[in-house]
Amino acid sequence: MGLLLALFGATNASAQSTVELPYSITFDSTNDVWTVLDASPSPGTSWVFNNDWGNDGFCIGNAWTATPSYCIRTDSGEPNDYYVSPSFSLKAGKTYTVKTSSGTMYSTPATLSVEYTTTPTNAASFTKLSDISMPSSGAQYDNSYDLTVPEDGLYSFAFHATNTSAGDKSNWVYLYALGFSIEEKVGGETPDPGTDPDQPDPPAVDQDGTLPYDMTFDSAEKFATWTTMDNSDIPGVTWAYTASDFAGKPAAHMGPDATSGTCDWLVSPKFELKEGKSYKITVDAASGPNNELNLILDYFVGSKSADNQKTIEWIGSKLPKTEGEGGKVKNEWILDANKDDVYLFAFRALNWGANNANDAVSIYSVKIEEMAEGKPDAPVALPYEVSFEKEESVSGWTAMDRSASTASTWSWNSWGYQEYGADWNPVGDQHPCVGFSSDFNTDANDYWVSPAFALEAGKTYVAKAHTANNRSCVESGTTSFTMKLGTNKKMQSSFDKILGSIELNTVYDRTPSTFEFTVEKAGNYYVAFHISDKTGANAYGYIFDFSLAEKGSGEPEVPVATEAATGFAAAELTAEKSVELTWTNPTKDVDGKDLPADALLTVKVYEGEELLATQDAQAPGSKGTYTKEYTADTFAGEHAYKVVVVYKDKESEAATATLTVVVDAINGVVVPTDAKVSVHTLGGAAVGNNLSTLGKGTYIVTMKRADGTMKTVKVTK
């Protein structure tokens, strides 16, 4: 025996004892009952007791204190190490439940399994009961396994650490044994805490579902067609069937999980869904009083795992969910399948903090059905142009998210685009737009899809858009930004024609991206902005506008201001105490191009900054006129006028004119005592402010009173 132990490098070996059932141990202190068997090719570091955070202790949830345990770390040889229990007398034909509590750190590639043998000193004699699944680092995993032995005998169990990964197998082993128990399974089953003892074990493999699907959780057998996935920090209570919940109804039920914050899924059978199809999920659910559990509707694509979940809707903690001021009940949600694959729907119970004793969520029924196609989109007439400056402008456009993660996609952004200079200081104004902001380290693959357009074969079309990007988008070289053409706004595969690449540029105001294209077959088509990035972190896109037109016949024009009005003049109508304004409306725009003969101009007439009149529907080249009437007190004085021509919301430069109106006066004109006086000759030369000292002649006298009123008179002396 001593020779056999030496060959396998056993340490801390003592005579194996036999103990009675039931048996339970927590490895929170040293013990001499369990033994170590090192069967590594080069025996070295093996299982030891550890309670030191500073020496790679086991820290649940990345805590700063260690959980006492037996562990194996950084074996100097390829690990093949057993931590072996005492012996138990087991009987053939009986079923025993073995429970393990364990953990892992630093994403080690090593594997931990629970095994059994009748010869505990012989590594080759062990039979694997199960690998212990521990997908996340720093979490405690409590697992349960049933065992029926083939014959009566003394059996020992072991935590077995191995590393079969490629590369260096010696230095990346961080496995921790926290507890172990074994007991005879009474009545052939061991109920989970808090669950119905009549609940059947869940199926080992996800069942196939068919559509339309209609499930009412009114029996344990129906509940057993779904599976549960406990992703809490410390797995404990999870979804279970109950014959009577808080409302006295049978349900799939999730209650308080006192061991940790709750993150548990109830997962449906798997369904084959098709890209481009929409599926409606109808749910009847309720929550108990003062419930703090949130219910989230998720789905998995391909297979279920905590790393593979995608969210359809955060339903909330108050069930049934209500929306709006009227409290309308919402119990239907839509999923657009983004590829042909297997889908599993899941209800996630989530409570971030300490569990509330009143936590209670019940699901009574679930329906899943494929939705009818509906009417095809009606095409939008060409020429077409849109600015995404306002939120209502996105009507008719849709986002199609084909990323590995569907956490973010294209949407209208009121904050919009802020251009930054070389020193990362903001430059210019904010620009509301449609934007896309990364997919957080997963493959960005997102489409911003236009309304449908009826295109004809053989014709050439021109698409234009102003866009911008974030600097990281430009500098990384990993982002692709293109414009594509497709025939189905829900199917990525239909966008198989690239119209062209959109330049990655941080400049807001620049020449738009322009693409000309034809189609081989007449029909309804969609234009899409497609952004992708192999890392996801650098995908940033901003779309400010879009236009599409047939080339040469109705391509949307960019509004251009007209030239200013010409011949603008102001003439005094003395008898009427009025001023007549005259001008000629322009015939060309500021680029020198002739305005259309049927163009309708709007002319705005001002005195100073006061709008006197707006004249609509004026023809290019037509004569304009406007008469301004005054009172005796307001007629005299200097007046400044301007006219502005408006065409397609663009204003021309102002045409201006000034006029000084004077009135005749006689010698001895009375000057108000509070007035400031200035005197000019008829030629305009200033000659002071004292009439009495002036020689004979005719003068222009301006009197401005303290209240701002002004009078100009012609005086002959």
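Predicted model only: the values in this text are computed from it and were never measured. (Residues numbered from 1 in each chain as written. Predicted model: local features only at pLDDT ≥ 70, side-chain atom pairs only at ≥ 80, totals over all residues. Heavy atoms only, no water.)

**Q** Explain the overall build of the chain here, please?
**A** Scanning the chain for helices and strands turns up four helices and 51 strands. Looking at the 717 residues of the chain, the share that counts as buried comes to 45%. Pairs at least 24 apart in sequence give 72% of the contacts found in the chain among residues at least 6 apart. For the chain, the accessible area works out to roughly 34,800 Å², and carbon and sulfur atoms hold 50% of it. (Helix = DSSP H or I, 4+ residues; strand = E, 2+ residues; numbered from the N terminus. Buried < 20%, exposed > 50% of the residue type's maximum accessible area, 1.4 Å probe, protein only. Contact = heavy atoms within 4.5 Å. Areas by Shrake-Rupley, 256 points an atom, 1.4 Å probe, with all protein chains shown as cover.)

**Q** Is there a simple way to explain the packing of aromatic side chains in this structure?
**A** Note on aromatic pairs: each is described by the distance of the centres and the angle between the planes. Overall, the coordinates contain 43 aromatic pairs when judged by the stated rule. Centroid distance Phe388 to Trp397: 5.3 Å. Interplanar angle 85°. Geometry classified as edge-to-face. Of the two residues, Phe388 and Trp397, neither departs from the other in class, the shared state being buried. Between Tyr417 and Tyr542, the ring centres sit 4.9 Å apart and the planes meet at 50°, which makes this aromatic pair tilted. With Tyr417 in strand S28 (residues 411–420) and Tyr542 in strand S38 (residues 540–543), this pair connects stretches of sequence that are 125 residues apart. Across the pair, Tyr542 and Tyr417 agree in class, each one buried. Cation over ring: Lys249 sits above Tyr364, and NZ or CZ is 3.8 Å from the ring centre. (Phe/Tyr/Trp six-rings, centres within 6.5 Å; stacked < 30°, edge-to-face > 60°. Lys NZ or Arg CZ within 6 Å of the ring centre and 35° of its normal.)

**Q** Would you mind showing me how to read the sheet that holds strand S29 (residues 426–437) here?
**A** For sheets, the rule is that strands pair by backbone hydrogen bonds, running either parallel or antiparallel. Across the sheet, four strands lie side by side as S28-S29-S38-S33; this open sheet has antiparallel pairing. Strands at the two margins of the open sheet, each flanked by one partner only, are S28 and strand S33 (467–469). If you compare each strand with its neighbour and ignore which way they point, the axes differ by 45° on average. Bridge analysis of S33 against S38 gives three bridges, and the strand direction is antiparallel. (Pairing = 2+ DSSP bridges. Axes fitted to C-alpha atoms, helices over the stretch in contact; angles between N-to-C directions.)

**Q** Please clarify how the pairing of strand S18 (residues 278–287) should be interpreted in this entry.
**A** On a regular strand, each side chain points to the face opposite its neighbour's, so the side chains alternate between the two faces of the sheet. Counting buried positions over the 10 residues of S18 gives eight, a clear majority of the element. Bridge count for S18 against strand S23 (residues 332–336) is five bridges, and the pairing is antiparallel. Looking at the pairing, Thr282 lines up with Glu332 of S23. Relative to strand S25 (residues 361–370), S18 runs antiparallel, the two sharing nine bridges. Bridge pairing in S25 places Ala286 opposite Ser362.

**Q** How do you make sense of the nonpolar core when you look at a structure like this?
**A** Note on soluble globular proteins: their nonpolar side chains tend to be buried together. By size, the foremost hydrophobic cluster in this structure holds 36 residues, and its most contacted members are Phe217, Trp239, Ile281, Leu295, Phe345, Phe347 and Ile363. Within the second largest apolar cluster, 34 residues are counted, among which are Tyr96, Ala110, Ile132 and Leu175. (Core = buried A, V, L, I, M, F, W, Y, C linked by side-chain atoms within 4.5 Å.)

**Q** Teacher, can you tell me more about the environment of Gly708 here?
**A** Mapped onto the secondary structure, Gly708 falls in the loop between strand S50 (698–704) and strand S51 (710–716). Sequence spacing of Gly708 and Ala675 is 33 residues, and the spatial spacing of their C-alpha atoms is 9.4 Å.

**Q** Which parts of the structure should I look at to understand unusual backbone geometry?
**A** Of note, the bond from Leu21 into Pro22 is cis; its omega dihedral lies within 30 degrees of zero at -5°. Each neighbour pair has its own omega, and for Leu211 with Pro212 the value is -10°, a cis peptide bond. With a phi close to 50°, Lys577 is a non-glycine residue in the positive phi region. If you trace the backbone, Lys577 turns up in the loop between strand S40 (566–573) and strand S41 (578–584).

**Q** When you look at the sheet that holds S41 in this model, what are you seeing that I'm missing?
**A** A sheet is described by the order of its strands in space; here three strands give the open sequence S40-S41-S44, paired in antiparallel fashion. Whereas interior strands pair on both sides, the edge strands pair on one side only; in this sheet they are S40 and strand S44 (623–629). Between one strand and the next, the sheet's axes are offset by a mean angle of 15°, whatever the strand orientation. In terms of strand pairing, S41 meets S44 through seven bridges, oriented antiparallel. Looking at the pairing, Trp583 lines up with Gly624 of S44.

**Q** Looking at this structure, I do not really get the pattern of salt bridges. What am I missing?
**A** Once their charged atoms are close, side chains differing in charge can pair, the charge on each being opposite to the other. Under the definition given, this model contains 24 salt bridges. Across the pair Glu313 and Lys321 runs a salt bridge whose closest N-O atoms are separated by 3.8 Å. Under the relative-accessibility criterion, Lys321 is labelled buried at 15%. Measuring nitrogen to oxygen at the nearest pair gives 3.6 Å for the salt bridge that ties Asp341 to Lys339. Residue Asp341 is classed as partly exposed on the basis of its relative accessible area of 23%. (Salt bridge = Lys/Arg side-chain N within 4 Å of Asp/Glu carboxyl O.)

**Q** Explanation requested: the environment of Thr311 in the structure shown.
**A** The topology assignment puts Thr311 in strand S20 (residues 309–316). Beyond its immediate chain neighbours, meaning those up to four positions away, Thr311 contacts Ile296, Leu297, Asp298 and Arg348. A distance of 3.4 Å separates polar atoms of two side chains, one belonging to Thr311 and the other to Gln309. Looking at Thr311, its side chain comes within polar contact range of the side chain of Arg348, at 3.4 Å. (Polar contact = N/O pair within 3.5 Å; in protein donor to acceptor, adjacent residues only side chain to side chain.)

**Q** Could you clarify how one ought to interpret the side chain of Glu607 in this entry?
**A** Looking at the secondary structure, you find Glu607 in strand S42 (residues 601–607). This buried residue, Glu607, is left without a salt bridge; Lys628 holds the nearest opposite charge, at 4.7 Å. Setting aside residues up to four positions removed in sequence, Glu607 forms contacts with Leu612, Lys628, Tyr630, His639, Ala640 and Tyr641. (Lys, Arg positive; Asp, Glu negative; His and termini not counted.)

**Q** Would you mind going over the environment of Ser652 with me for this structure?
**A** In this fold, Ser652 is placed in the loop between strand S46 (650–651) and strand S47 (655–661). Between the alpha carbons of Ser652 and Ala561 there is a distance of 5.3 Å; along the sequence they are 91 residues apart. When sequence neighbours within four positions are dropped, the list of residues in contact with Ser652 reads Ala561, Thr562, Glu563, Ala564, Val644 and Val645.

**Q** Explain the confidence of the model for the chain to me, please; I cannot follow it from the model alone.
**A** Low pLDDT marks regions whose predicted coordinates should not be analysed in detail. For the chain, the average pLDDT comes to 85, and 88% of its residues sit at 70 or higher. This model gives residues 1–15 a pLDDT under 50, and the stretch forms 25 contacts once residues within four places in sequence are excluded. Overall, residues 188–204 carries pLDDT values under 50, and its contacts beyond four positions in sequence, including any with other chains, amount to 25 contacts. (pLDDT = per-residue confidence, 0-100.)

**Q** For this particular structure, what's the right way to read the pairing of strand S7 (residues 95–104)?
**A** For S7, the tally of buried residues reaches eight of 10 residues, placing the bulk of the element in the interior. Judged from the eight bridges that link them, S7 and strand S10 (residues 141–148) form a sheet pairing that is antiparallel. Residue pairing for S10: Ser101 is matched across the bridge by Asp142. Judged from the nine bridges that link them, S7 and strand S12 (residues 174–184) form a sheet pairing that is antiparallel. Paired with Val98 across the strands is Ile182, a residue of S12.

**Q** I'm lost on the side chain of Glu115 in this one. Help?
**A** Checked against the element boundaries, Glu115 lands in strand S8 (residues 111–117). No salt bridge is formed by the buried Glu115, whose closest oppositely charged neighbour, Lys128, lies at an N-O distance of 5.2 Å. Only 2.8 Å separates the side chain of Glu115 from the side chain of His160, close enough to count as a polar contact. Beyond its immediate sequence surroundings of up to four residues, Glu115 is in contact with Tyr82, Phe126, Thr127, Lys128, Leu129, Ser156, Phe157, Ala158 and His160.

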